[in-house]
Amino acid sequence: MRYWSLLLCVVLLTSLARAESAYKAQYGWGLAKQIATPSLTQGMVIDQNQIIIAETAGLERRDLNGNNPKLLLEQTGIRGLQGAGSGANLALAWYGRDVVNPSGLWWRYQNKTVFALDTPYNTFALLEVGGLPVLVGVTQQGSLTGVVVQPWGKEPETIFQTKLNIGALAANSVDGKIGIAFAEGYRNPQDEKYDLRFLELPSLGSGAVRSRILAPAVYLGREQRYGMAVKDGSLLPIWWYETKEEQNLAAFTKQHNPRLAFFEADKVVEFAPPTAYIGQIGKSLYYALNNQIYAYDLESKQSRVEITAPTSFSFAAVSQNRQMAWQSLQRDGFTSQLWFVDSSLAYKPNLIDEVSKTLGWNPWFPFQNLFGQTALSLMLATLAVVLVAPVVWLLRGRFDFGQGAWFGAGIAVFLLLLVRFLGGNVIATGWVFAPLLTASWLVVLGGIGVGGLVVFFQRHRLNQIELGATIAASLVVLIGTFFTVFSRIGFLKF
């Protein structure tokens, strides 16, 4: 028992050199709290001291603690809720799906709800320009697909038409200037090709629209959304990017290689794996990856994990007051958990959080992670023994000095060091199982050291039996592999 206690202590200490995970919250964020269980997972809007969500019965408002629910609007079939502005100038927009009446875009402003656009396209954007809400949508216009812009209280104006399909639309404005980005292209059983088109309007109603294709785009379907950031008075489209060569290859293989990127100063800047873009706070772009929220700084061009959630994300939203809310879809495919977090009270990590960060665990479930990680590490360590033991048994008969415990231990040490060397210098870093082969050298040497101590204390017994060398090698491999796997298995990302 004393050996396993020593083993675990050394793992915790030595693996500190490779800490890569994150706390529940850091960089000033508070602890996230679940505030509701909505019946739909179709977006939310944060407005000052309230959150508005889509429910089966219609639009519902709650305070930031999830209390005092109030039905703002009774309507079924609400999809993809968005918001713009705040307080008395808050505008809401959504796609309404109705089997009886026409499906299309609805919006609500100053307690007035209006059907805006009859369209089969559920991709749209809502923004605020000059203090008034502006809706950007997509319509079918005969054989053409059109992009329309509609200020509140006015008729929609078509600013762009194409024979191709339009999806993943996003828009934003700065200084009265409007930028609209979307995927434009086609998909059929034989081929597909999408590009990012960017429309620029110097002002509403000017009629002067600058249209250009910026780069190849990856568009997966109706639920995908791109983004539009603002930096120093410029609008930066955010989308799923792949190179022209990758796009041409995907035409035959149907396998894309997207990355989340933005377009700045006529250059493509890749900044994240293909994932959901959430929004912008100040100079940071927020995106969700698995169960973590990252912030990408537009100045330093660096990403960092700011929030770790218990589950993955389905819809998320941010506000400029450094508030964030998200929905995590549950197994029934409709309901979700609604979470909220802000920076009014920064979270202070405890000892369990530190251990979770060190070992790559989800800090919300440390004991479940401990059990699962220990079991998997023992299984992989046992598999390594099964592979190594026959090799040592065959080699021991080839050498006169191959009967003792140190012969087997030496072979085990050599193999463990060789695997670590090859893992760190040969194995591709993009391989999903690479973390298992790239443990800290301190962890590897610590595992070898503990395994060597076990063999040292049992050397007399091992030297007296025929399989002493094989058992010694097995002990070193078992303990050494457990050390390396246990310290890194929490960083596997599927």
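Coordinates for the structure precede this section.
Anyway, here's the lowdown on the structure attached to this text. Fair warning: this is a prediction, and the values are worked out from it, not measured in the lab.

**Remarks on empty space enclosed by the protein**
Then comes step 1: Using the criterion set out here, one finds one cavity of 30 Å³ or more in the structure.
Then comes step 2: By volume, the largest cavity is sized at about 40 Å³.
Then comes step 3: Lining the largest cavity are Glu192, Lys193, Tyr194, Ala217, Val218, Tyr219, Glu242, Gln247 and His256.
Then comes step 4: If you tally residues by element for the lining of the largest cavity, the top one is strand S16 (residues 192–201), at three residues.
Then comes step 5: Counted by class, the lining of the largest cavity contains four nonpolar, two polar and three charged residues.

**Points about the packing of aromatic side chains**
Then comes step 1: Throughout the structure, instances matching the rule amount to 17 aromatic pairs.
Then comes step 2: Measuring from ring centre to ring centre gives 4.9 Å for Trp107 and Trp152, while their planes differ by 65°; the resulting arrangement is edge-to-face. Here Trp107, found in strand S8 (residues 104–109), pairs with Trp152, found in the loop between strand S12 (144–151) and strand S13 (157–162); they are 45 residues apart in sequence, far enough to count as distant. Each member of the pair, Trp107 as well as Trp152, is classed as buried.
Then comes step 3: With a centroid separation of 4.9 Å and 40° between ring planes, the pair formed by Phe271 and Tyr296 is classed as tilted. Taken together, the residues Phe271 in strand S21 (residues 267–272) and Tyr296 in strand S24 (residues 292–297) connect sequence positions 25 residues apart.
Then comes step 4: Through a chain of ring-to-ring contacts, the aromatic side chains of Phe262, Phe271, Tyr287, Tyr294 and Tyr296 assemble into a single cluster.

**What to know about the packing of helix H6 (residues 441–457) against helix H8 (residues 468–488)**
Then comes step 1: With their axes 8 Å apart at the nearest point, H6 and H8 run at an angle of 150° to one another. In terms of axis orientation, H6 runs roughly antiparallel to H8. The handedness of the crossing between H6 and H8 is right-handed. Of the residues in H8, those in contact with Val443, Val444, Gly446, Gly447, Ile448, Val450, Gly451, Gly452, Val454 and Val455 of H6 are Ala472, Leu475, Val476, Ile479, Gly480, Phe483, Thr484 and Ser487.
Then comes step 2: For the contact of H6 with H8, the class distribution of residues is eleven nonpolar, seven polar and no charged.

**What to know about helix H2 (residues 244–253)**
Then comes step 1: Among all positions in H2, only Gln247, Ala250 and Ala251 are buried. Down the axis of H2, the sector holding all buried residues measures 110°, keeping them to one side. Seen from the buried face of H2, the exposed residues on the opposite side, beyond 90 degrees, are Glu245, Leu249 and Phe252.
Then comes step 2: Structurally, H2 contributes buried residues whose contacts are with S16 and strand S17 (210–217).

**Details of the pairing of strand S3 (residues 50–54)**
Then comes step 1: The element S3 is largely enclosed, with a buried count of five among its five residues.
Then comes step 2: Side chains Gln50, Ile52 and Ala54 of S3 all project onto a buried face; the interleaved residues Ile51 and Ile53 project onto the opposite face, where all are buried too.
Then comes step 3: As judged from the four bridges shared by strand S2 (residues 44–47) and S3, these two strands associate in the antiparallel manner. Residue pairing in the sheet places Val45 in a bridge with Ile52 of S3.
Then comes step 4: Where S2 folds back on S3, the antiparallel hairpin that results is connected by two residues, among which Gln48 adopts a positive phi of roughly 55°.

Conventions and cut-offs
Residues numbered from 1 in each chain as written. Predicted model: local features only at pLDDT ≥ 70, side-chain atom pairs only at ≥ 80, totals over all residues. Heavy atoms only, no water. 1 Å grid on protein atoms, 1.4 Å probe; cavity = no way out; pocket = protein on both sides within 12 Å on 5 of 7 lines; lining within 4 Å. Points joined across faces, edges and corners; volume = space filled by probe spheres on them. Helix = DSSP H or I, 4+ residues; strand = E, 2+ residues; numbered from the N terminus. Nonpolar A, V, L, I, M, F, W, Y, C, P; charged D, E, K, R; others polar. Phe/Tyr/Trp six-rings, centres within 6.5 Å; stacked < 30°, edge-to-face > 60°. Buried < 20%, exposed > 50% of the residue type's maximum accessible area, 1.4 Å probe, protein only. Axes fitted to C-alpha atoms, helices over the stretch in contact; angles between N-to-C directions. Parallel < 35°, antiparallel > 145°, perpendicular 65-115°, else oblique. Left-handed = near helix turned anticlockwise from the far one by under 90°. Contact = heavy atoms within 4.5 Å. Arc of directions from axis to C-beta. Pairing = 2+ DSSP bridges.

The values are spatial; any link to function lies outside them.
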